[in-house]
Structures are given as structure tokens and as C-alpha cells.
Amino acid sequence: MHTMKYKAIIFDLDGVIVNTAHFHYLAWNRLAQLWGGQITEEQNEELKGITRMRSLEIIAAWYHKSLSEQEKIMHARDKNDWYLEYVDMMDESDILPGVKIFLQELKENKVPVALASASKNAERVLKHINLFDFFDVIADGNSVYESKPDPAIFSFAIKQLGLQPADCVVFEDAPAGLEAALAIGCTTIGVGQPDSLIKAHYVIPDFTHFNLNALTTILASIKSV
Ligand code: B16
Ligand code: MG
């Protein structure tokens, strides 16, 4: 047994750095309401980490809607316009607890940091909350076509870092994201409730009091991966 060593940290965005999930929910729910329904909390879990188009297809299936390509594009555009109304009101106060201090520690210790988010709006969000400059690599919804749980977004980020999956620790809040990172051999730390993140090597509730020391202790407890 040996202690796992990390060379880089990869962060998901929604649910890890900020709670944009709520804004995605409000925007998708507007569409569901037009179709005479409401998206439940459980259904919303299924949409976490999933690309916009794939999410739309899933929601359309819930309401038994068969959409033409043109209709899909129109609904996805409407949803995004609604979503961006919320994003454009975001500022530093929307950063989840402990995240900025941890990013500052990573920067001081010259640990490479990447973002791997399904969102096409990731840069816009990071700029609103003033965290854009903390990232050496940004992999987002514009980088790859495939949706998590496909590992393409993580492979893209890791290639840009010039590293191997086994060198990277991934922080994820969504089952689809964990599945993606695990499929290629990253070490995964779930952020949130353990019961919905059972696949993760380890789960933390959030980044409150989290630091490199805590990470080292966690990686030692995970054993050789
Ligand atoms: P956009 P993550 C994901 O972000 C969200 O969890 C998911 O709900 C959303 O549909 C997806 O981004 C695409 O976002 O519509 O902005 O391109 O968790 O991968 O950071
Ligand atoms: Mg997420």
C-alpha cells in the first residue's frame, strides 16, 4: 500500500464552486411549466453535470414531447437566456464556502488547477465570481461534445495539463461526473451528501476548513489507487 500523490486538482463548477444548479433548475422549470408540469428535486438530481442539449432531451422525454431539431434549439436557447439572467446577477458572494481560500492555497503552492465543467457558460460564471485567474486549464461545454458520464471532458482537461488521470484528484458533486472521472482512473472526492455520491473515493460536505493538509490525509486514507 502506498499513499496516493496528486499532481493536479480538477474542479467541477456547478455544485462544487458555485450553486448554479438552483439557477439551472429555475430556468428548466420555466420550460416544464410551459409544458404543464414541475421538475421535482429528484428529477433535478438527474440533470446535474449533464449538458444543456442532453438535459433538454431528458426533460422532453418526461413530458412525452417529441421535438424537431429546430424546436430543441429554440427551447435550449430560451432556457439559456433565462439561466443567464441569474448568472449575470452573480458576484463573489456566490462562491461556495471555503473554495476561494483553498484555491489561493493551491496557487501559493503552485499546484496546477483545472476546471472540467459541462457548462458552455463556465468562463462567464468564473469571471462574475472573480475566480477565472485561478485556473491553469479550462475544459467546459465548448471543449468537447460528449456529456458526463462520458469521460471526454476530464480527458481533455488532463491532456491540457500534460498529465495522466492517475495524477489528478477530481472534486465533483454529481453522480454522472464521478462516473466519468472514475472511468479513466482519477481519484475522486465527492462534494455533498454521501448517499448520492457513493461511488466517490471519499466525500466532503463542502470546502469549509478544507486545505492541502486535509487532502493529504484523505489521500493517505484512500490507500493505493
Ligand atoms: P450550460 P457542471 C453542468 O455544470 C450543470 O450541472 C448542468 O445542470 C448543466 O446543464 C450543464 O452544466 C450545462 O450548462 O447550459 O451552462 O452549458 O456541473 O458540469 O459544472
Ligand atoms: Mg456539478
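Below, the structure is looked at part by part. (Residues numbered from 1 in each chain as written. Chains lettered and ligands numbered in written order. Predicted model: local features only at pLDDT ≥ 70, side-chain atom pairs only at ≥ 80, totals over all residues. Heavy atoms only, no water.)

Looking at the coordination of the magnesium ion (ligand 2)
- Protein-derived ligands of the magnesium ion (ligand 2) are Asp 12 (OD), Asp 14 (O) and Asp 173 (OD), with the metal-ligand distances lying across 1.9 to 2.1 Å.
- Read in sequence order, the donor residues for the magnesium ion (ligand 2) give the motif D-x1-D-x158-D. Taken together, the residues Asp 12 in the loop between strand 1 (8–11) and helix 1 (21–34) and Asp 173 in the loop between strand 4 (168–172) and helix 8 (175–183) connect sequence positions 161 residues apart.
- Accessibility expressed as a relative area gives 4% for Asp 12, which makes it buried. (Donors = N, O, S within 2.8 Å, 3.2 Å for Na, K, Ca; no water. Helix = DSSP H or I, 4+ residues; strand = E, 2+ residues; numbered from the N terminus. Buried < 20%, exposed > 50% of the residue type's maximum accessible area, 1.4 Å probe, protein only.)

Remarks on the nonpolar core
- Phe 11, Ile 17, Leu 131, Phe 135, Phe 171 and Phe 207 are the most contacted members of the largest nonpolar core, which has 56 residues in total.
- With six residues, helix 1 is the single largest residue contributor to this core.
- The contact partners of Phe 135, leaving out residues within four places of it in the chain, are Phe 11, Ile 17, Leu 103, Val 113, Ala 114, Leu 115 and Leu 126.
- Membership of the second largest hydrophobic core comes to 18 residues, among which are Ile 153, Phe 154, Cys 168 and Ala 181. (Core = buried A, V, L, I, M, F, W, Y, C linked by side-chain atoms within 4.5 Å. Contact = heavy atoms within 4.5 Å.)

As far as function goes, none of this settles anything; it's purely spatial.
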